[in-house]
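Single-letter residue listing:
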Amino acid sequence: MSKYYVTTPIYYPSGKFHIGTAYTTVLADMLKRLKVMQGYDSLMLTGVDEHGQKIEDKAKEANMSPKEYVDIQADAAKKLWKTMKIDNDIFMRTTDEYHERAVQEIFERFLKQGDIYKGEYEGWYCKPCESYFTETQLVDGKCPDCGREVKKMKEEAYFFNMKKYADRLLEFYNSHPDFIKPEYRKTEMINNFIKLGLEDLCVTRTSFDWGIKVKSDPKHVIYVWLDALTNYITALGYLSDDDSMFKKYWPADLHIVGKDIARFHLIYWPIFLMALDLPLPKTIFVHNWIMMKDGKMSKSKGNVIYPEQLIERYGLDATKYFLIREVPSSQDGLFSPEEFVQRYNYDLCNDLSNLLNRTISMVNKYFEGKVPEYNGIKNDVDEDLEKASKDVIESYNREINNFEFANSLKEVWNYISRTNKYIDETSPWALAKDEENIEKLKSCIYHLVANLREIAILIRPLMKDTSDNMLRQLGMGSNVNWDTLKEYKNIKNIKVIEKGEPIFMRLKEEEEVEAIKNMMKQ
Ligand code: MSP
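Keep in mind that this is a model prediction, so the values were computed, not measured.

Draft legend 1. Just the pairing of strand β3 (residues 90-93), in detail. Burial of β3 is two-sided: the residues Ile90 and Met92 facing one way and the residues Phe91 and Arg93 facing the other way are all buried. Sheet topology note: the strand β2 (residues 41-48)/β3 ladder contains 4 bridges and is parallel. Paired with Val48 across the bridge in β3 is Arg93.

And the structure:
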């Protein structure tokens, strides 16, 4: 059985996660579930990145020790992923002892190899990003990543010799076209960083305490990014007594990361792995962000929205659908209350829910709930529909393989529209008036049910509850996988439920837009 190891970044546990931060995890979860359905031995990692000055400061603010603080935050993160039914296999915590030990060992190894050396650092430091910048990297004198104030700071520190690996990294980029997705992120890395000459990276701090100590020089704390990035291998037991998981699942098949942390994953992480003489991940996918009309989500702007709020009012699947549907790989996605309500009403209610409802009521009305078997009667409209049923699988797979996740849903929804149109084209109510047309009517109803099962399978990696609900109403068990898609003509002995239950009910637009706006004010 082929393996599939997918990771999200490990999150800073420094507050509640908003819907933007939830995006990465929802996406990773969808891909993991898809691979499970396709028969892969799949493993998903998420977790928390618990060290660093930012966390130390937050703990102080809350009057707690850093460990007390991160324990509470890690529980809150776990609770959110449970609410969102995220199927992660590993919840990584960088304060776990085995991780700290492995990071210390990695650091000592780099020192011994001469990849890390001791020097003095002077630079512009951005506290929220925990990053040093050179003068030229600053944008208008501010942090190039977050735009906030930076401070000049100087300290004795250890450095990682990045320059040594720059050519090897470029060569790796060039010989591994699938390493970075989308392609334009690779160009960005080359033009904005590698071509300008990689600076050696400062990998220790002495200005604060909350981190993993350098074993041979404990007044230094290991830079939080060196600590955090290695989680992807320590979580699998790398450098522990039992590294069987590491042997089985590494290299990762996919790291999913947001655009703000591309540099760390596309430059530093591969270089650390090269220095460890380990294989590099197969693909790193950099996704865009969910933005609000007035820019980034932030408490001070009063435009933050949390997943729990949307889930409580509109359900989990509608929330997840919106997130994945709205972020194309080419640009940021936009969250607006209006757009959310419209997607809910048009895509979920009008298109999907109504298709299921109309079909179930027709099976009951014309065939006492029993789905007719495939009878091979076909006119042009049926031919065309059957072709669409094959095409949608291909185009869904194509979009997923191209990392165009929003488009993969778009393809499914085009297919839902195509199926709705098929009802108008075949006019089953007219066929039902004439006994002569009974076989045509059977064929029409069969196709509708077969399409709905196909749709339930295609949306299943993202919208499992909806998929279960659809299959239950159609009188089928949930025992489906990707191979079931090949069984289009093979549905037999099915009885749908007597009265269809709407899976999504139409929302009152103005009222709900207001409700979402109110959520943002909380
Ligand atoms: N701790 C680091 C990652 C270390 S990985 C070795 C970190 N954590 S984070 O909590 O700040 O961010 C977690 C993820 O959320 C990142 O991938 C980030 O890009 C993503 N997002 C944060 N805001 C987002 C949106 N508004 N939209 C989509 N993703 C967003 O970075």
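Draft legend 2. Representation of the packing of helix α12 (residues 316-326) against helix α15 (residues 405-426). With their axes 6 Å apart at the nearest point, α12 and α15 run at an angle of 115 degrees to one another. One finds that α12 runs roughly perpendicular with respect to α15. Side by side, α12 and α15 meet where Tyr321, Ile324 and Arg325 of the first sit next to Phe405, Ala406, Leu409, Lys410 and Trp413 of the second. Class assignment for the residues of the contact of α12 with α15 results in 6 nonpolar, no polar and 2 charged.

Draft legend 3. Region of interest: helix α17 (residues 438-458). Compared with an ideal rise of 1.5 Å per residue, which puts 21 residues at 30 Å, α17 spans 30 Å between its outermost C-alpha atoms and is within 8% of the ideal. The buried fraction of α17 is high, at 17 of 21 residues.

Draft legend 4. The side chain of Asp317, seen in detail. Within the secondary structure, Asp317 sits in helix α12. No salt bridge is formed by the buried Asp317; the nearest opposite charge belongs to Lys320, separated by 4.4 Å. Not counting chain neighbours up to four residues away, the residues in contact with Asp317 comprise Leu462, Met463, Lys464, Asp465 and Thr466.

Draft legend 5. A look at the nonpolar core. The biggest cluster of nonpolar side chains holds 106 residues, and the ones touching the most others in it are Ile305, Tyr314, Phe335 and Trp413. If we ignore the near neighbours within four places in the chain, the residues touching Tyr314 are Phe340, Tyr344, Leu507, Glu512, Ala515, Ile516 and Met519. Of all hydrophobic cores here, the second largest spans 63 residues; its members include Leu201, Val203, Ile212 and Val286.

Draft legend 6. Spatial organisation of the sheet that holds strand β5 (residues 131-133). Pairing is antiparallel in the open sheet, where 4 strands are placed in the order β5-β4-β6-β8. Edge positions in the sheet fall to β5 and β8 (201-202), since each of these pairs with one other strand and no more. Two strands pair when backbone bridges link them, and strand β4 (residues 116-126) and strand β6 (residues 151-160) are joined in this way by 10 bridges, in the antiparallel orientation. Each residue of the ladder has a partner; that of Glu122, found in β6, is Lys154.

Draft legend 7. Representation of the site of the ligand within the structure. Taken together, the neighbourhood of the ligand is formed by 21 residues, with Ile10, Asp49, Gly258, Asp260 and Ile290 sitting nearest. Asp49 has a polar side-chain atom sitting 2.7 Å from a nitrogen atom of the ligand. At 2.9 Å, a backbone N or O of Ile290 approaches a nitrogen atom of the ligand. Starting from 670 Å² of accessible surface for the ligand in isolation, the protein chains cover 94%. Mapped onto the shell around the ligand, the elements with two or more residues apiece are α1 (19-37) and α7 (224-229). Taken together, the residues of the shell around the ligand sort by class into 11 nonpolar, 8 polar and 2 charged.

The rules behind these values
Residues numbered from 1 in each chain as written. Predicted model: local features only at pLDDT ≥ 70, side-chain atom pairs only at ≥ 80, totals over all residues. Heavy atoms only, no water. Buried < 20%, exposed > 50% of the residue type's maximum accessible area, 1.4 Å probe, protein only. Helix = DSSP H or I, 4+ residues; strand = E, 2+ residues; numbered from the N terminus. Pairing = 2+ DSSP bridges. Axes fitted to C-alpha atoms, helices over the stretch in contact; angles between N-to-C directions. Parallel < 35°, antiparallel > 145°, perpendicular 65-115°, else oblique. Contact = heavy atoms within 4.5 Å. Nonpolar A, V, L, I, M, F, W, Y, C, P; charged D, E, K, R; others polar. Expected span 1.5 Å × (residues − 1). Lys, Arg positive; Asp, Glu negative; His and termini not counted. Salt bridge = Lys/Arg side-chain N within 4 Å of Asp/Glu carboxyl O. Core = buried A, V, L, I, M, F, W, Y, C linked by side-chain atoms within 4.5 Å. Near = heavy atom within 4 Å. Polar contact = N/O pair within 3.5 Å; in protein donor to acceptor, adjacent residues only side chain to side chain. Areas by Shrake-Rupley, 256 points an atom, 1.4 Å probe, with all protein chains shown as cover.

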